[in-house]
Amino acid sequence: MEIGFLVFGLAGLLTLVCFMPPLAGRLKLPYSVLLALVGCALGYVVHVHDWAPRVVADFLDSIEHFEISSETFLIVFLPVLLFETALAMNVRRLLDEIGPILMMAIVAVLVCTLVVGYTLAWVSDYGLVVCLLLGAIVATTDPVAVVGIFREVGAPRRLTTLVEGESLFNDAASIALYSVLLAVLGGQGELSALAIGQDFLVQFLGGGLAGLAMGRLAGQLFGWLRGWPVAEITLTLTLAYLTFFISEHYLGVSGVVATVIAGLVVGSSGRTRMSPTTFEHLASAWAQFGFWANSLIFLFAAMLVPRLMADTSLFDFLMIGVVFAATLAARALVVFGLLPLLGVVRIGQRVGRRYQAVMCWGGLRGAVSLALALAVTEHQAVDPDARNFIAVVVTGFVLATLFVSGTTLRTLIRMLGLNALSPVERTLRNQALTVALEDLQERTGQIAQEDHISPAAQQRVAAVFDASLSAVHESPVSRLDEDQQVKVGLSMMAAREEEMFFGILKAQIVDWRLAERLLARAQAMGEAVRANGEQGFEAAIVHDLRYSRGFRLALELHDRLGLRRWLAQELAQRFSSLMSKRSVAQRLMDFARHQVQPLLGKAATDRILALHAHRLALIQDALSAMALQYPGYAEWLQEAYLGRVARELERSRYRDMLEQSLISGEVYADLMMQLQARWRYIDRSPELDIGMTAGELIARVPLFAGLAPQARQAIEGLLKPRLALPEQPVTVRNRQGAMMCFVASGAVKIGLPDGTGLELGSGEFFGEMALLSGETVVTTATSLGYSRLLMLSARDFRALLERDADLRKRIERVAQERLRALQVWRRHQAALQAHPGENGGEAGRQSGVTPTT
C-alpha cells in the first residue's frame with residue numbers, strides 16, 4: 001500500500017473515532033460496545049464498497065489493505081494500553097488490594113482455563129489441549145468498557161481499583177498459559193503442570209524485576225530532562241515500548257508484567273522525579289495516547305469479526321454459549337468461593353457481596369483475546385480445523401460479553417446501589433453545598449450591586465439559591481457524630497497536606513528527593529487516618545518523626561566504621577524535612593480554621609486543631625534539638641527557605657505581569673534570566689559539618705586540655721566518635737566489656753542504683769568506675785539531644801592510662817571522689833536496712849546522700 005493511502009486510512013479512522021464518545025453517550029452504550037459495532041460494520045462494508053463515491057471507496061479500500069496481524073495488536077497497541085492504565089493507578093491502593101487482585105489475576109485465569117477446557121472437551125470432539133488453549137485465551141479481561149461504565153455511573157473507587165488491577169496482571173498469566181499450551185499443540189512441548197508453573201514464575205517474576213529496573217532507570221533519566229516537558233513525556237512513551245520489547249525478545253520474560261510495573265513505578269515516583277509542569281500534563285497526554293490505542297485496537301479487532309465468523313455454524317453458536325456459561329461459572333467460583341477466603345486469613349480487605357456481583361458479571365473480554373485467537377490462526381503447526389474453531393468461538397464469545405454483559409452492567413450497578421453516596425458522603429455533600437451556596441449568594445449580591453443589575457433579575461437569581469438551600473435543609477440525611485466529623489476532617493487535612501507538599505516541590509522550595517519522602521509520609525498518614533481515624537493519626541505522627549531506615553543505617557556505619565559523609569547527608573535531609581513539615585503544619589492549622597470549620601463545626605475542628613497542635617509541638621521539639629546542635633546549618637536552612645519562597649513569589653509576579661500584557665515576552669525572558677542569576681546561590685546547599693572527628697571532639701573535653709600534641713594524637717587513635725540521637729540509650733558495654741564515655745557536646749542523663757539520675761553536659765565523662773574498680777554505678781544512660789560522644793574500650797582505657805601519667809592522675813582523682821561518695825551512700829543504705837523506721841525513707845531522701853559518677 002502506498003504511504004499516502006496508509007496515512008489517509010488512519011486519518012479517516014481517527015476522524016471517525018472522534019465522534020464515537022459523544023455518540024456513545026447519547027445512545028447510552030459503553031464506548032467499547034459502540035466501537036465493536038462500528039468495527040463490525042466496517043469489516044463488512046470494506047468488501048462491498050462499489051456503491052461508494054471515490055473518496056469513500058478509496059478510504060474503505062485503504063483500510064481493507066491494512067495488514068492487521070496478532071503482532072500489530074500485541075506490540076503496537078498493548079504496551080500503550082497497559083502503561084496508560086498502570087500510570088493512572090494509585091500504587092498504595094493497589095497494594096492494599098493486592099490479595100484480591102492477584103487472586104483474580106492468577107487463580108481466576110487458571111480456574112477459567114481448566115473449567116472451559118474440560119467443559120469443551122466433554123461436549124465437543126476437540127482434544128483437551130485445544131480446549132485448554134481456548135480457555136486460556138478467553139481468561140483475559142478488558143477493563144476499558146467496565147471502567148468507562150464505572151466512571152459514568154459513579155461507582156466506588158475501590159471497585160474500579162479491583163477491576164483495573166485484575167486486568168493489568170491477568171493478561172500476563174493468560175499469555176503465559178497460552179504460550180505453553182500453543183507450544184504443546186504445535187508439537188514443541190508436553191503438557192505438564194510443573195512446566196507451566198515454572199514458565200509462569202519465570203515470566204511473571206522476571207517481568208516484574210525487568211519492569212522495576214526499567215522504571216527506576218527512567219526515573220534517573222528524568223533528572224537529566226527536567227525543564228523539558230516534551231522530552232520527558234516522550235521518554236515515558238518510549239519506556240512503554242522498550243520495556244515490552246526488551247523483556248519479551250531479549251530477556252525472555254513477560255513484557256506485559258514488565259510494562260505494568262514500569263508504569264506503576266513512573267506513576268508513583270514521576271510526581272517528584274519529573275518537573276511539576278510535566279507531571280501535570282502527563283495524565284492528559286497519556287489519556288490521549290490511550291484513547292487512540294484503545295479506539296484503533298477495538299476497531300481493527302472488530303473489523304476481523306466478519307472474516308473470522310464467515311462460516312459459523314449452529315454448532316459454533318452452541319459452543320459460544322457453552323463457553324459463556326463456563327466462564328461465568330468459573331468466575332463465580334473464584335469470586336464467591338475463593339475470594340472470601342482471603343478475608344478469613346486476613347490477606348487484604350474483605351470484598352462485599354455487591355462488589356462480588358459486579359466483578360463476576362463485569363468480566364468483559366476485548367482486543368487481547370481477539371489478538372491471541374488471531375495468533376492461533378497464523379500458527380501453521382496447529383490443525384486448520386482447530387484454528388478455525390478457536391477463532392470463531394473466541395470471537396463470538398468476546399462479542400457476547402460486550403453486547404450482553406456490557407450493556408447490562410450499568411443497570412446492575414444501579415440496582416445494587418453502588419452508584420449512591422454513603423450516608424457520611426451525603427451529609428458532607430449537603431454541608432459543603434450549604435456553605436458554598438450561602439457564600440456564593442452573598443458574593444452574587446455584591447456583584448449585582450457593583451454592576452447595577454436590576455432588582456427583578458437579582459430576585460430571580462436569589463430564588464435559585466433559596467430553592468437549592470431549602471432542598472438541602474429538607475433532605476432526610478442523618479447528622480454525623482463528633483467522632484465521625486473528626487475522622488472526616490483529618491482525612492481532609494491529610495489530602496490537603498499532600499497537595500501542599502507537591503506545591504512546595506512545584507515552587508522549587510525543596511528538591512525532588514526530599515519531596516518524594518515528604519509525599520510518601522503524607523500518603524501514609526492519610527491511609528492511617530482513613531483506617532483508624534484519630535488513633536491512626538496519633539500513631540502516624542509518632543511514626544512520621546522516627547528516623548528513617550537510611551538514617552539508622554548511616555548512623556550504624558558511622559559508629560562501626562567511622563563513615564561520616566552519609567550520616568551528614570541524612571542529618572541535612574532530616575533538618576530540611578522538619579522545616580518543611582513545620583511550615584506545612586502551621587498552614588494546615590489555618591486551613592482547618594477557615595475551610596474545615598464551616599463544614600464540620602467548631603467542636604470537631606477544635607479537636608482536629610488540638611491534634612495538629614500536638615504534632616506541631618513534636619516537630620518543633622525535634623527541630624529545636626537539631627538547631628541547638630547545628631546552629632550554623634539551621635541559619636542557612638532558614639535563609640535558603642525564605643530565599644526560595646521569595647524566588648517563587650518573584651517568578652509568579654512576572655508571570656502575572658506577562659498574562660496581563662504589562663510586559664512583553666522578551667522582557668519576561670530577560671527578567672527570568674536575572675531571577676535565576678540572583679537566586680542561584682540558594683540552590684548550592686553547603687554540606688552539614690557534623691564535627692565528628694576525634695580531634696574536634698577531644699578539643700571540647702576539658703580533661704584533655706593542656707596535653708602535648710603527641711599525646712593528643714595518640715588519644716585520637718583510641719577514642720571512637722559516636723553520635724547519640726535524642727532519647728537514644730547510650731550503650732556503655734561492648735563485646736570486650738565495660739566502656740568509658742566522654743560527652744564532647746550535648747547532654748546525657750545517667751541512671752544510678754538508687755533510682756535517681758544525673759545530667760552530664762559537655763566535657764564530663766562516665767563509666768570510668770567500672771573500668772578502675774569493677775563497680776557498676778551507671779545503670780542506664782540516655783542522650784537528651786544530639787550528643788557527640790567519645791567512647792573508650794577497657795583495653796584502650798588501660799593503654800591510655802599507662803601511656804599518660806598526668807591523664808591517669810586526673811581520671812583517678814575524679815574516680816576516687818566518686819568512689820568515696822559511693823561508699824558513703826552504701827553505708828547509709830545499710831544503716832537504713834539495719835534500723836528501719838517510719839521516717840527512714842524520708843530521712844534518706846533528706847540526707848541528700850546519693851552516689852555520683
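Residues numbered from 1 in each chain as written. Predicted model: local features only at pLDDT ≥ 70, side-chain atom pairs only at ≥ 80, totals over all residues. Heavy atoms only, no water.

Here we come to the overall build of the protein chain. The helix and strand inventory of the protein chain stands at 34 helices and eight strands. The 853 residues of the protein chain split such that 48% are buried. The long-range fraction of contacts in the protein chain, counting pairs at least 24 apart against all pairs at least 6 apart in sequence, stands at 80%. Surface exposure of the protein chain reaches about 41300 Å², of which carbon and sulfur atoms provide 58%. (Helix = DSSP H or I, 4+ residues; strand = E, 2+ residues; numbered from the N terminus. Buried < 20%, exposed > 50% of the residue type's maximum accessible area, 1.4 Å probe, protein only. Contact = heavy atoms within 4.5 Å. Areas by Shrake-Rupley, 256 points an atom, 1.4 Å probe, with all protein chains shown as cover.)

Before going further, it helps to examine the sheet that holds strand β5 (residues 757-760). Sheet architecture is open: three strands sit in the order β5-β4-β7, paired in antiparallel fashion. Because the sheet does not close on itself, it has two edges, and the strands there are β5 and β7 (780-783). Within this sheet the neighbouring strands show an average axis-to-axis angle of 20°, counted without direction. Relative to β5, strand β4 (residues 748-751) is paired through four bridges, and the arrangement is antiparallel. Residue pairing in the sheet places K749 in a bridge with E759 of β5. (Pairing = 2+ DSSP bridges. Axes fitted to C-alpha atoms, helices over the stretch in contact; angles between N-to-C directions.)

The next thing to look at is the nonpolar core. What tends to happen in soluble globular proteins is that the nonpolar side chains get buried as a cluster. Ranked by size, the top nonpolar core spans 143 residues in total, and within it F73 and L134 carry the most contacts. With 15 residues, helix α19 (residues 384-415) is the single largest residue contributor to this core. When neighbours within four sequence positions are excluded, L134 is seen to be in contact with V116, L120, V323, F389, I390, V393 and V394. M500, I509, A554 and L600 belong to the second largest nonpolar core, which has 61 residues in total. (Core = buried A, V, L, I, M, F, W, Y, C linked by side-chain atoms within 4.5 Å.)

Below, the discussion takes up a nonpolar patch on the surface. Residues F5, F8, Y44, V48, W51, V55 and V56 make up a contiguous nonpolar surface patch of roughly 700 Å² in combined accessible area. For the nonpolar patch, the elements supplying multiple residues, two or more each, are α1 (3-18) and α4 (54-64). By the secondary structure assignment, F5 is in helix α1. (Patch = residues over 30% accessible without salt bridge, like charges linked within 9 Å, V, L, I, M, F, W, Y side chains within 5 Å. Salt bridge = Lys/Arg side-chain N within 4 Å of Asp/Glu carboxyl O.)

Time to look at the environment of R735. Along the chain, R735 falls in the loop between β2 (733-734) and β3 (737-745). Note on R735: relative accessible area 82%, which makes it exposed. Along the sequence, R735 and S793 sit 58 residues apart, while their C-alpha atoms lie 9.5 Å from each other.

With respect to the helices and strands, A463 occurs in helix α21 (residues 455-474). Take A463: its relative accessible area is 41%, and that puts it in the partly exposed class.

Relative to the helices and strands, T141 resides in the loop between α8 (128-137) and α9 (143-153). We classify T141 as buried; its relative accessible area is 9%. Within polar-contact distance, the side chain of T141 engages the side chain of N170 at 2.9 Å. Apart from residues no more than four positions distant in its own chain, T141 is found in contact with E166, S167, N170, D171, R331, G363, L364 and R365. (Polar contact = N/O pair within 3.5 Å; in protein donor to acceptor, adjacent residues only side chain to side chain.)

Of note in the backbone geometry, H452 takes a positive phi value of approximately 55° without being a glycine. Under the relative-accessibility criterion, H452 is labelled exposed at 71%. Positioned with a positive phi, S661 is a non-glycine residue whose angle comes to about 60°. Within the secondary structure, S661 is located in the loop between α27 (631-659) and α28 (665-678). A relative accessible area of 64% means that S661 is categorised as exposed.

Following the sequence through the fold, A724 ends up in strand β1 (residues 720-724). Residue A724 is classed as buried on the basis of its relative accessible area of 3%. Sequence spacing of A724 and L555 is 169 residues, and the spatial spacing of their C-alpha atoms is 8.9 Å. Setting aside its immediate chain neighbours within four residues, A724 contacts V730, S783, G785, Y786, S787 and L789.

Per-residue confidence for the protein chain gives a mean pLDDT of 81, with 90% of residues at or over 70. Taken element by element, the predicted model of the protein chain shows its lowest mean pLDDT in helix α34 (residues 840-847) (42) and its highest in helix α12 (residues 229-251) (92). Confidence drops under a pLDDT of 50 for residues 838-853, and excluding neighbours within four residues, the segment shows 33 contacts in the predicted structure. (pLDDT = per-residue confidence, 0-100.)

Our next topic: the pattern of salt bridges. This model, assessed by the stated rule, comprises 13 salt bridges. Taking the shortest distance from any N to any O, the salt bridge between R615 and E497 comes out at 2.8 Å. Residue R615 is located in helix α26 (residues 602-629), and its partner E497 is located in helix α22 (residues 482-506); the two are separated by 118 residues in the primary sequence. Summarising the burial analysis for this pair, R615 and E497 share the class buried. In this structure, the salt-bridge partner of R607 is E534, at a minimum N-O distance of 2.5 Å. Residue R607 is located in helix α26, and its partner E534 is located in helix α23 (residues 512-544); the two are separated by 73 residues in the primary sequence. Taking the relative accessible area as the measure of exposure, R607 reaches 24% and is therefore partly exposed. Residues participating in the shared-partner salt-bridge network are E497, R521, D544, K581 and R615.

Here the focus is the packing of α1 against helix α2 (residues 20-27). To describe two helices that pack against each other, one gives the angle between their axes and the distance between the axes. Two elements in contact, α1 and α2, have axes whose closest approach is 5 Å; the angle formed by their N-to-C orientations is 35°. On the side of α1, the interface is formed by L16, V17 and C18, while α2 contributes M20, P21 and P22. The residue inventory of the contact of α1 with α2, partitioned by class, reads six nonpolar, no polar and no charged. (Nonpolar A, V, L, I, M, F, W, Y, C, P; charged D, E, K, R; others polar.)

Moving on, we get to α19. The end-to-end C-alpha distance of α19 is 45 Å, a good match for the 46 Å that 32 residues give at a rise of 1.5 Å each. When the local axis directions of α19 are compared, the greatest deviation, roughly 40°, occurs at L409. Where α19 begins, one side-chain oxygen reaches toward the backbone nitrogen of D385, 3.1 Å away; that side chain belongs to D383. Positive phi shows up at G417, right after α19, with a value of about 70°. (Expected span 1.5 Å × (residues − 1). Bend = angle between axes of the 7 residues up to and from the residue.)

Side chains of β7 alternate between two faces, with A781 and S783 buried and T780 and T782 left unburied. Relative to β7, β4 runs antiparallel, the two being bridged by four bridges. Opposite V748, over in β7, you have S783 as the bridge partner.

Running from amino to carboxyl end, α8 crosses helix α10 (residues 157-185) at an angle of 160°, the nearest separation of the two axes being 9 Å. Our classification of the angle between α8 and α10 gives roughly antiparallel. In the crossing of α8 with α10, the sense of the turn from one axis to the other is left-handed. Facing α8, whose interface residues are V129, V130, L132, L133, A136 and I137, α10 presents S174, L177, Y178, L181, L182, V184 and L185. Considering only residue class, the contact of α8 with α10 consists of twelve nonpolar, one polar and no charged. (Parallel < 35°, antiparallel > 145°, perpendicular 65-115°, else oblique. Left-handed = near helix turned anticlockwise from the far one by under 90°.)

Take the side chain of T395 next. Within the element layout of this structure, T395 appears in helix α19. Of the polar contacts made by the side chain of T395, one reaches the backbone oxygen of A391; its length is 2.6 Å.

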